Amino acid sequence: MALQVVVGRGPVGTAVARLLVQRGDRVKLISRRGGAPDGIEGVAADATNGDELGRIAEGAAAIYSCAGPAYHQWATDWPPLGAGLVRAAELSKAVLVTTGNLYAYGEVDGPIREDLPLRPNSVKGEVRAQVWTEALKAHEAGRIRTAEVRGSDYLGAGAISPYSVLVLPKLLAGKAASIPADLDVPHSWTYVGDVARTLLAVADDDTKWGRAWHVPSPEPLSLRALATLTAELAGTAPARISSMPSFVLRLGALFDPTARASVETQYQWRRPFTVDSTPAMVAFGIEPVSVTDAVQEMIELNRSTGRQ
């Protein structure tokens, strides 16, 4: 029974922990408050404290980084978290596998590939590029072993994205929804469970370390098509969705920190934003869960928790 350490109790961290337990591993799930689902050991700790996290991870095969600061606090909170994780990996000798995203590539023409250079055009993209670059330097220096797994906007149970926050609840209630985006450009979506499966696959194969991998994701789907599909699956009124003008988002940014943090990443929603995940599909044999199944899971969770 191998010891595994999962940092972060959000949807990805919980999914990773459950997969590890299902295959017979012992899991420590790290969060600031502690606590964990049945069968998983919850540990309260501050992951920015690399020495403490290193002691917790002593003897572990892998550290899965699935935590993330509040969206509007990435610039201040990601660097110490990244440094703490690298320090813990160095002390424990566990491989560090990090849940990443596509921000560090910046604005790209065509599908986003793993071999593209990191050219961030936002503060949040610069931070994610910095965190990965520091970890990779430590890997190349022989101090740690690491890899990063990058996905697009999440679908699935517990997923948090502009769609899940601004659109899904409205559609399930039969109401009109608005989102700051072009509704008809192609957009890639990544299933939370596929993120977890890819993290495990990468951690288990030492020949796949020292680089980034894109989570196997289904064919891109526009926001309008996704909203239409959601309403059909939910059996609610036909989807009514509109594009929120940019000036409305900027007005909201004067009062809301999340809206303010979203202004610089509008390029991800106003133009095609698609990911090429072929290498991981080939390397690990992972077939992505369909958008239909991922959305159905979101609908069922919302209804079971009375959120609609």
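For the structure itself, look to the data block above.
Residues numbered from 1 in each chain as written. Predicted model: local features only at pLDDT ≥ 70, side-chain atom pairs only at ≥ 80, totals over all residues. Heavy atoms only, no water.

Asker: What should I look at first to understand unusual backbone geometry in this one?
Answerer: Backbone geometry places K93, a non-glycine residue, at a positive phi of 70 degrees. Mapped onto the elements, K93 comes out in the loop between α3 (74-92) and β5 (95-100). (Helix = DSSP H or I, 4+ residues; strand = E, 2+ residues; numbered from the N terminus.)

Asker: Looking at this structure, how should I read the nonpolar core?
Answerer: For soluble globular proteins, nonpolar side chains are generally found buried alongside one another. Formed by 56 residues in total, the largest nonpolar core has its most connected members in V6, V16, Y64, L155, Y163 and L199. Those residues within four positions of V6 in sequence are excluded, and the remaining contacts are G13, V16, A17, L20, V27, K28, L29, I30, Y64 and C66. In terms of nonpolar packing, the next biggest core, distinct from the first, is built from 29 residues, I30, L53, W74 and W78 among them. (Core = buried A, V, L, I, M, F, W, Y, C linked by side-chain atoms within 4.5 Å. Buried < 20%, exposed > 50% of the residue type's maximum accessible area, 1.4 Å probe, protein only. Contact = heavy atoms within 4.5 Å.)

Asker: Sorry, what's going on with the environment of P238 here?
Answerer: As for its position among the elements, P238 is in the loop between α7 (223-234) and β11 (241-243). P238 sits in the exposed class, given a relative accessible area of 69%. Each C-alpha atom, one on P238 and one on V7, is 40 Å from the other, the two residues being 231 residues apart in sequence.

Asker: Please explain the packing of aromatic side chains as it appears in this structure.
Answerer: Each aromatic ring pair is specified by the distance between its two centres and by the angle formed by the two planes. Evaluated as defined, the whole model comprises 6 aromatic pairs. Connected via pairs of aromatic rings, a cluster forms that spans Y71, W74 and Y103. If you follow R128 out to its NZ or CZ, it ends over the ring of W74, 5.8 Å from the centre. For R211, the ring lying beneath its charged end belongs to W213, and the centroid distance is 3.5 Å. (Phe/Tyr/Trp six-rings, centres within 6.5 Å; stacked < 30°, edge-to-face > 60°. Lys NZ or Arg CZ within 6 Å of the ring centre and 35° of its normal.)

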